[in-house]
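Chain by chain, the residues:
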Amino acid sequence: NAGVTQTPKFRVLKTGQSMTLLCAQDMNHEYMYWYRQDPGMGLRLIHYSVGEGTTAKGEVPDGYNVSRLKKQNFLLGLESAAPSQTSVYFCASSHKAYLEQFFGPGTRLTVL
Amino acid sequence: AQSVTQLDSHVSVSEGTPVLLRCNYSSSYSPSLFWYVQHPNKGLQLLLKYTSAATLVKGINGFEAEFKKSETSFHLTKPSAHMSDAAEYFCVNSGAGSYQLTFGKGTKLSVIP
């Protein structure tokens, strides 16, 4: 039982490049989330999904897109990376809303 | 609307002494409250959760927290700190009717040998 996994673990991009972060969970959770973590800011929600085929905006959605084509996967895309998107990105999942979330190990992204 | 305030950005204790990490919350509804721990370069791990059952909640690794509605607080405590407790701790609020967790800004705990 791997829990929540994220790929890649590290990535360096140049401004304007695109990339996709993959999150996978094997707990059959309905809800999945993408956060970014910046020093002194805690975690901020980018986008979330309440089930396969659904997505919704969180607190800081600009510059990101997401897709949930399969229940176990939640993809986060950056179409044109900017230095302000340098951050650590965490994926999480939960069985129901308002219950505890289970987090992946994170992806450290640097945009030059 | 819900919010969380962690009152200390950094706490330093000596090994073997008690730990107190303070958290105040606000919520329009009866909240669900969590404490998560993040060790350096790791993901977040759930320490404990309050979901309107017992007001004193016991978690992993000897941590516990007490929900005090009159004080709108959910402070995290441990009787005796270990070196392995050095990490960042997040107090988190999940308000009923919301899919979103609201994170505090974190308290970094240092343990001095």
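Structural data are supplied above this passage.
Residues numbered from 1 in each chain as written. Chains lettered and ligands numbered in written order. Predicted model: local features only at pLDDT ≥ 70, side-chain atom pairs only at ≥ 80, totals over all residues. Heavy atoms only, no water.

S.K.: Help me understand the state of the cysteines in this model?
M.R.: The bond known as a disulfide is covalent and runs between the sulfur atoms of two cysteines. Residue and element names in this part refer to chain A. Evaluation of the coordinates by the stated rule reveals two disulfides over all chains. With a sulfur-sulfur separation of 1.9 Å, C23 is cross-linked through a disulfide to C91. Around the S-S axis, the bridge from C23 to C91 shows a dihedral of about -75° and counts as left-handed. A residue pair is termed long-range when its members are at least 10 positions apart, and C23 in strand β3 (residues 19-25) and C91 in strand β9 (residues 87-94) qualify at 68 residues. A relative accessible area of 0% means that C23 is categorised as buried. Judged by its relative accessible area of 0%, C91 is buried. (Disulfide = S-S within 2.5 Å. Helix = DSSP H or I, 4+ residues; strand = E, 2+ residues; numbered from the N terminus. Buried < 20%, exposed > 50% of the residue type's maximum accessible area, 1.4 Å probe, protein only.)

S.K.: Looking at this model, I keep getting lost on the interface of chain B and chain A. Mind explaining?
M.R.: The accessible area lost on association of the parts is a frequent measure of interface size. Facing 21 residues of chain B, the contacting portion of chain A comprises 23 residues. The contact between chain B and chain A buries some 1,700 Å² in all, and 59% of this surface belongs to carbon and sulfur atoms. Linking K49 of chain B and E100 of chain A is a salt bridge whose minimum nitrogen-to-oxygen distance equals 2.8 Å. Counting every contact that joins chain B to chain A gives four residue pairs in polar contact (both at pLDDT 80 or more). Of all the secondary-structure elements, those providing two or more residues to the side of chain B that touches chain A are β5 (32-38), β6 (44-50) and β10 (87-94) of chain B. The leading source of residues in the side of chain B that touches chain A is β5 of chain B, at four residues. Per-class residue counts for the side of chain B that touches chain A are eight nonpolar, ten polar and three charged. (Contact = heavy atoms within 4.5 Å. Buried area = accessible area lost by both parts, 1.4 Å probe. Salt bridge = Lys/Arg side-chain N within 4 Å of Asp/Glu carboxyl O. Polar contact = N/O pair within 3.5 Å; in protein donor to acceptor, adjacent residues only side chain to side chain. Nonpolar A, V, L, I, M, F, W, Y, C, P; charged D, E, K, R; others polar.)

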